[in-house]
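Examination of the molecular architecture
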Amino acid sequence: MPEASQTADVSTAPAPGSHPAPDADPLSSATADGPPGAADGPPATADGPPGAVNGPSGAAGGHPAVGGPRVSPEALDEHAMPYGRPGKPLAKNPFLIGLTAGMGLLTAWALAQALVTSRSVIVLVVVAMFLALGLNPAVEALQRRRLARRWAISIVFGAVILFFVLFGLAIVPPVSQEAASFISAVPGYTQELLSNPTLKELDSDYQILTRIGDYITSGGLAQTVAGGLVGAGAVVFNAFFSGVTLLVLTLYFLGSLPSIKDYLFRLVPSSRRERARGLGDEIISGIGGYVAGNLLISVIAGVVTWVFLAFAGVEYALALALVVAVTDLIPLVGATIGAVLVSGVALLQSVTLGIVCAIFFLVYQQVENYLVYPRVMKRSVDVAPAVTVIAALFGGALLGIVGALLAIPVAAAIALIIREVVIPRQARL
């Protein structure tokens, strides 16, 4: 019967506050027929809260008992986050916005300073890349004659090094000879100055020679000359180091130009890669054609000038012809600069010879502008004359002679992008 069974269950339960015997089974001491810990409620413990045996969850060993109390989310958060819940994000905090803006400005300023500091290196890299693009057509022409690219690069680069060697051999001896003759003629110039009556009168009034002698004996002249020699040596060393670095970079770019192009085209999304490759190849071929054509025009100008100067009997004909070839690389004003320099040197030898040289350069520049330049550049770049002048002016203002050299192919590349990309897109809108 129900009452009898309930009475029997209550009689067998331990009294409140009592402990089971050491030999007794804890589970059997709770109830006779029911589950453990289910006799009129949870079993009491000596030191723990009701319904718990040595654990916070109401079970032995800390395991939750069946039907025991559940742990609240707040308690779980307290155990998982001992320092409390994080607050709202500070995205709209004015202090954080100002700090982020300040850090952005400092980062931009640091990047600008780094670009200004490394300007010379950037210029060397850009010039080397343009030279590699200019020499690449010659390399590809040799490759079409069944030469390996390695041997084609060796031949073209050997020709470039030979040009620089010839330029140095043609320029250094005349300059050193003129410097030696000037130094040997200094005593004679000094005697002529001392015997000049006007200088004697000025010396008697203002003691010019006495002050010059004091300046020389005091060591001021020696310090000035030493400082000038050190500065000139530094300039020469920097120019030599920059030239060697430029040659090495050009060689590396020329050897790895196909792999560089493939790597850059892989950065373009695959849906636009084919069109980007077509435009890129067109730009690269245009830049290479311009650089190669400009080099060819300069070589022609140097050879023609050398033949004329040698026939006319001008001293240092080879050195002056190389000067004309180098200055002819500069757009717009390069040919004029070379003509003025050569005509001035010839004028020092003879007035008639100087006039003849001036007439020769005037005629040759017309031939070059209207016959040589259009034929050589017909497959390289297509830039309007006004754009050419404006690009050369901007390039010269930004990077000097190097900027003027690179401005025209860059303008041609921009014009190609505008013609093939921007204008068709605007037409579809």
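Everything discussed here concerns the structure shown above.
Report on the accompanying structure. Just so it is clear, the structure is predicted and the values come from calculations on it, not from any experiment.

1. With respect to the overall build of the chain
The secondary structure content of the chain amounts to 16 helices and zero strands. For the chain, the proportion of its 429 residues judged to be buried stands at 22%. Surface summary for the chain: the accessible area is close to 29,800 Å², and the carbon and sulfur share equals 69%.

2. Looking at the packing of aromatic side chains
Each aromatic ring pair is summarised here by two numbers: the centre-to-centre distance and the angle between the ring planes. Tallied over the entire structure, the rule returns four aromatic pairs. On the basis of an interplanar angle of 10 degrees and a centroid distance of 4.0 Å, the ring pair of phenylalanine 308 and phenylalanine 360 is categorised as stacked. In this pair, phenylalanine 308 sits in helix H11 (residues 273-312) while phenylalanine 360 sits in helix H14 (residues 351-377), placing the two residues 52 residues apart along the sequence. Grouping residues by exposure puts phenylalanine 308 and phenylalanine 360 together as buried. Ring-pair connections join several aromatic residues into one group, and the members of that group are Phe308, Phe360, Phe361 and Tyr364.

3. Some remarks on the packing of helix H10 (residues 257-266) against H11
Contact geometry for H10 and H11: axes closest at 10 Å, N-to-C directions at 140 degrees. In terms of orientation, H10 lies oblique with respect to H11. Our pair here, H10 against H11, has a crossing hand that is right-handed. Every residue of H11 that contacts H10 at Lys261, Asp262, Phe265 and Arg266 is listed here: Arg273, Ala276, Arg277, Gly280, Asp281 and Ile284. Classifying every residue of the contact of H10 with H11 gives three nonpolar, one polar and six charged.

4. Observations concerning the nonpolar core
Grouped together as the largest cluster of nonpolar side chains are 27 residues, with contacts concentrated most on Val139, Leu254 and Ile287. Looking at this core, the elements that each hand over two or more residues are helix H5 (119-143), helix H6 (149-194), helix H9 (220-255), H11, H14 and helix H16 (401-428). Looking at this core element by element, the count peaks at eight residues for H5.

5. Here we look at the packing of H11 against helix H12 (residues 317-327)
It is the contact of H11 with H12, at a shortest axis distance of 8 Å, that shows an interaxial angle of 155 degrees. Comparing their axes, H12 and H11 come out roughly antiparallel. Along this stretch, H11 crosses H12, giving a crossing that reads as right-handed. On H12, the residues touching Ser298, Ala301, Gly302, Thr305, Trp306, Leu309 and Ala310 of H11 are Ala317, Leu318, Leu320, Ala321, Val324 and Ala325. Looking at the contact of H11 with H12 residue by residue, the class counts come to ten nonpolar, three polar and no charged.

6. Re empty space enclosed by the protein
All chains considered together, the criterion is met by one cavity of 30 Å³ or more. When its volume is computed, the largest cavity comes out at roughly 60 Å³. Lining the largest cavity are Ala301, Val324, Asp328, Ala335, Ala339, Phe361, Tyr364, Gln365 and Glu368. For the lining of the largest cavity, the secondary-structure elements that each account for two or more residues are helix H13 (334-349) and H14.

7. What about the layout of surface pockets?
By volume, the largest pocket amounts to about 1,900 Å³. It is H11 that contributes the most residues to the lining of the largest pocket, eleven residues altogether.

8. Things to note about the side chain of aspartate 328
Within the element layout of this structure, aspartate 328 appears in the loop between H12 and H13. With near-sequence residues (within four places) excluded, aspartate 328 lies in contact with Asn294, Ile297, Ser298, Ala301, Gly334, Ala335 and Glu368.

9. Considerations on a nonpolar patch on the surface
Taken together, the side chains of Leu347, Val351, Ile355, Ile359, Val363, Val367, Tyr370 and Leu371 define a hydrophobic patch exposed on the protein surface, amounting to about 780 Å² of accessible area. The greatest single-element share of the nonpolar patch, amounting to seven residues, is contributed by H14. Here valine 367 falls in the partly exposed class, since its relative accessible area comes to 32%.

10. Brief notes about H16
Taking 1.5 Å per residue, 28 residues should reach 40 Å; H16 reaches 41 Å between its end C-alpha atoms and fits that length. Helix geometry: H16 is bent most strongly at isoleucine 418, by close to 35 degrees. Listing the buried residues of H16 in full gives Gly403, Ala404, Leu406, Ala407, Ile408, Pro409, Ala411, Ala412, Ala413 and Leu416. Those residues of H16 that are buried are in contact with H5, H11 and helix H15 (385-399).

11. Focus on the pattern of salt bridges
Scanning the model with the defined rule gives two salt bridges in all. Where arginine 277 meets aspartate 262, a salt bridge forms, and the shortest distance between an N and an O atom there is 3.5 Å. One end of the pair, arginine 277, is in helix H11; the other, aspartate 262, is in helix H10, with 15 residues separating them in the sequence. On the basis of relative accessibility, which here comes to 32%, the residue arginine 277 falls in the partly exposed class.

12. Examining the side chain of serine 343
Assignment of secondary structure puts serine 343 in helix H13. In this structure the side chain of serine 343 is engaged in a polar contact, spanning 2.8 Å, whose partner is the backbone oxygen of alanine 339. Excluding its chain neighbours within four sequence positions, the residues that come into contact with serine 343 are Gly354, Cys357, Ala358 and Phe361.

13. Considerations on unusual backbone geometry
A negative phi angle is the norm for most residues apart from glycine, just as the trans form is the norm for most peptide bonds. Of note, arginine 146 is a non-glycine position whose phi angle comes to about 65 degrees, a positive value. What makes arginine 146 exposed here is its relative accessible area of 83%. In this structure, tyrosine 316 is a non-glycine residue whose phi angle is positive, near 55 degrees. Along the polypeptide, tyrosine 316 turns up in the loop between H11 and H12.

Cut-offs applied
Residues numbered from 1 in each chain as written. Predicted model: local features only at pLDDT ≥ 70, side-chain atom pairs only at ≥ 80, totals over all residues. Heavy atoms only, no water. Helix = DSSP H or I, 4+ residues; strand = E, 2+ residues; numbered from the N terminus. Buried < 20%, exposed > 50% of the residue type's maximum accessible area, 1.4 Å probe, protein only. Areas by Shrake-Rupley, 256 points an atom, 1.4 Å probe, with all protein chains shown as cover. Phe/Tyr/Trp six-rings, centres within 6.5 Å; stacked < 30°, edge-to-face > 60°. Axes fitted to C-alpha atoms, helices over the stretch in contact; angles between N-to-C directions. Parallel < 35°, antiparallel > 145°, perpendicular 65-115°, else oblique. Left-handed = near helix turned anticlockwise from the far one by under 90°. Contact = heavy atoms within 4.5 Å. Nonpolar A, V, L, I, M, F, W, Y, C, P; charged D, E, K, R; others polar. Core = buried A, V, L, I, M, F, W, Y, C linked by side-chain atoms within 4.5 Å. 1 Å grid on protein atoms, 1.4 Å probe; cavity = no way out; pocket = protein on both sides within 12 Å on 5 of 7 lines; lining within 4 Å. Points joined across faces, edges and corners; volume = space filled by probe spheres on them. Patch = residues over 30% accessible without salt bridge, like charges linked within 9 Å, V, L, I, M, F, W, Y side chains within 5 Å. Salt bridge = Lys/Arg side-chain N within 4 Å of Asp/Glu carboxyl O. Expected span 1.5 Å × (residues − 1). Bend = angle between axes of the 7 residues up to and from the residue. Polar contact = N/O pair within 3.5 Å; in protein donor to acceptor, adjacent residues only side chain to side chain.

Just distances and angles here, no functional claims.
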